[in-house]
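Each chain, written out:
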Amino acid sequence: WNTVMSALWMAFVLRLLRQFVAYMWRMGVIRGTLAVVTTVVIGPLPTLLNFVLLPVVRFVAFFRLAFSGPELPPVDAGAAQPTEEAAQADTAQAPAQRSTASMAVATDGPSRNVLTQRRKKKDGDEEREARNQDLLTKGSDEAAGRAADKAAVADAPPGVMPEGIWNCVRRY
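Note that the coordinates shown come from a computational prediction; the quantities given were computed from them, not determined experimentally. (Residues numbered from 1 in each chain as written. Predicted model: local features only at pLDDT ≥ 70, side-chain atom pairs only at ≥ 80, totals over all residues. Heavy atoms only, no water.)

A.B. asks: What is the right way to read the overall build of the protein from this model?
C.D. replies: Counting its regular elements, the protein contains seven helices and zero strands. Mapped in sequence order, the helices and strands of the protein form the string α-α-α-α-α-α-α. Split into buried and exposed, the 172 residues of the protein put 3% on the buried side. Entry remark: accessible area of the protein is about 16800 Å², with carbon and sulfur atoms responsible for 64%. (Helix = DSSP H or I, 4+ residues; strand = E, 2+ residues; numbered from the N terminus. Buried < 20%, exposed > 50% of the residue type's maximum accessible area, 1.4 Å probe, protein only. Areas by Shrake-Rupley, 256 points an atom, 1.4 Å probe, with all protein chains shown as cover.)

A.B. asks: Please explain the pattern of salt bridges as it appears in this structure.
C.D. replies: Under the definition given, this model contains one salt bridge. When the shortest N-O distance is used, the salt bridge between Asp125 and Arg128 registers 3.2 Å. On the criterion of helical spacing, the pair formed by Asp125 and Arg128 is a turn pair, its members being three residues apart in helix α6 (residues 125-155). On the basis of relative accessible area, Arg128 is assigned to the partly exposed category, the value being 36%. (Salt bridge = Lys/Arg side-chain N within 4 Å of Asp/Glu carboxyl O.)

A.B. asks: Would you take a moment to explain the packing of aromatic side chains for this structure?
C.D. replies: Given two aromatic rings, one states the distance between the centres and the angle between the planes to describe the pair. Taken as a whole, this structure holds four aromatic pairs when the rule is applied. With a centroid separation of 5.5 Å and 35° between ring planes, the pair formed by Trp9 and Phe12 is classed as tilted. In this pair, Trp9 and Phe12 are both assigned in helix α1 (residues 2-27), three residues apart and thus about one turn of the helix distant. One aromatic cluster is present, built from ring pairs that chain together Phe59, Phe62, Phe63 and Phe67. (Phe/Tyr/Trp six-rings, centres within 6.5 Å; stacked < 30°, edge-to-face > 60°.)

A.B. asks: Explanation requested: a nonpolar patch on the surface in the structure shown.
C.D. replies: A contiguous nonpolar patch, built from Val36, Val37, Val40, Val41, Ile42, Leu45 and Leu48 and spanning about 590 Å² of accessible area, is present on the exposed surface. Elements represented by at least two residues in the nonpolar patch include exactly α2 (29-42) and α3 (45-68). Among the elements that take part in the nonpolar patch, α2 stands out by supplying five residues, more than any other. Relative to the elements of secondary structure, Val36 occurs in helix α2. Residue classification places Val36 among the partly exposed residues on the basis of a relative accessible area of 40%. (Patch = residues over 30% accessible without salt bridge, like charges linked within 9 Å, V, L, I, M, F, W, Y side chains within 5 Å.)

A.B. asks: What am I meant to see in the confidence of the model for the protein here?
C.D. replies: Predicted coordinates in areas of low pLDDT are best not read in detail. Summing up the model confidence of the protein, the mean pLDDT is 74 and the portion of residues at 70 or higher is 52%. Ranking the helices and strands of the protein by mean pLDDT puts α1 first, with 92, and helix α4 (residues 84-91) last, with 59. (pLDDT = per-residue confidence, 0-100.)

A.B. asks: Please clarify how α1 should be interpreted in this entry.
C.D. replies: Because an α-helix packs 3.6 residues into every turn, residues spaced three or four apart end up facing the same way. For α1, built from 26 residues, the straight-helix expectation of 38 Å at 1.5 Å per residue is met to within 8% by its first-to-last C-alpha distance of 38 Å. Gly28 sits one or two residues past α1 and shows a positive phi near 95°. (Expected span 1.5 Å × (residues − 1).)

See below:
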């Protein structure tokens, strides 16, 4: 079977090669040469430029942020300086809370099987309308909240740690 499969594979490859040569022959000498040049020389240029320049751009951006240091807002000269006692109070840590890992889990209440078997009550028309209106108004509130979040991230000084990773991504 190996010989038969190899013969079929070579017939397939030779047929593709014959179709390619016929296609190039019909294109003519000038158009064929132009097609080869654009495919072999010009086609890979964007990929090569990205491959060479992207690491350089990333290093420049990283070092610009790393060596610029934190940009702190200017300190008002008339503002009162914190006392030594206040500085010590700020540095004191809150007492550690006791771990709940060793506590027993509550066992009272309905079992998990009973909770999964309960059926949800069907909503009436009034409840459905109220829920739909709530979703519509909540969507516009969330869009306004996202716009405010973007504005807050854009106003944050560089060097201040963002609250989450996506705030860092949205910033740039």
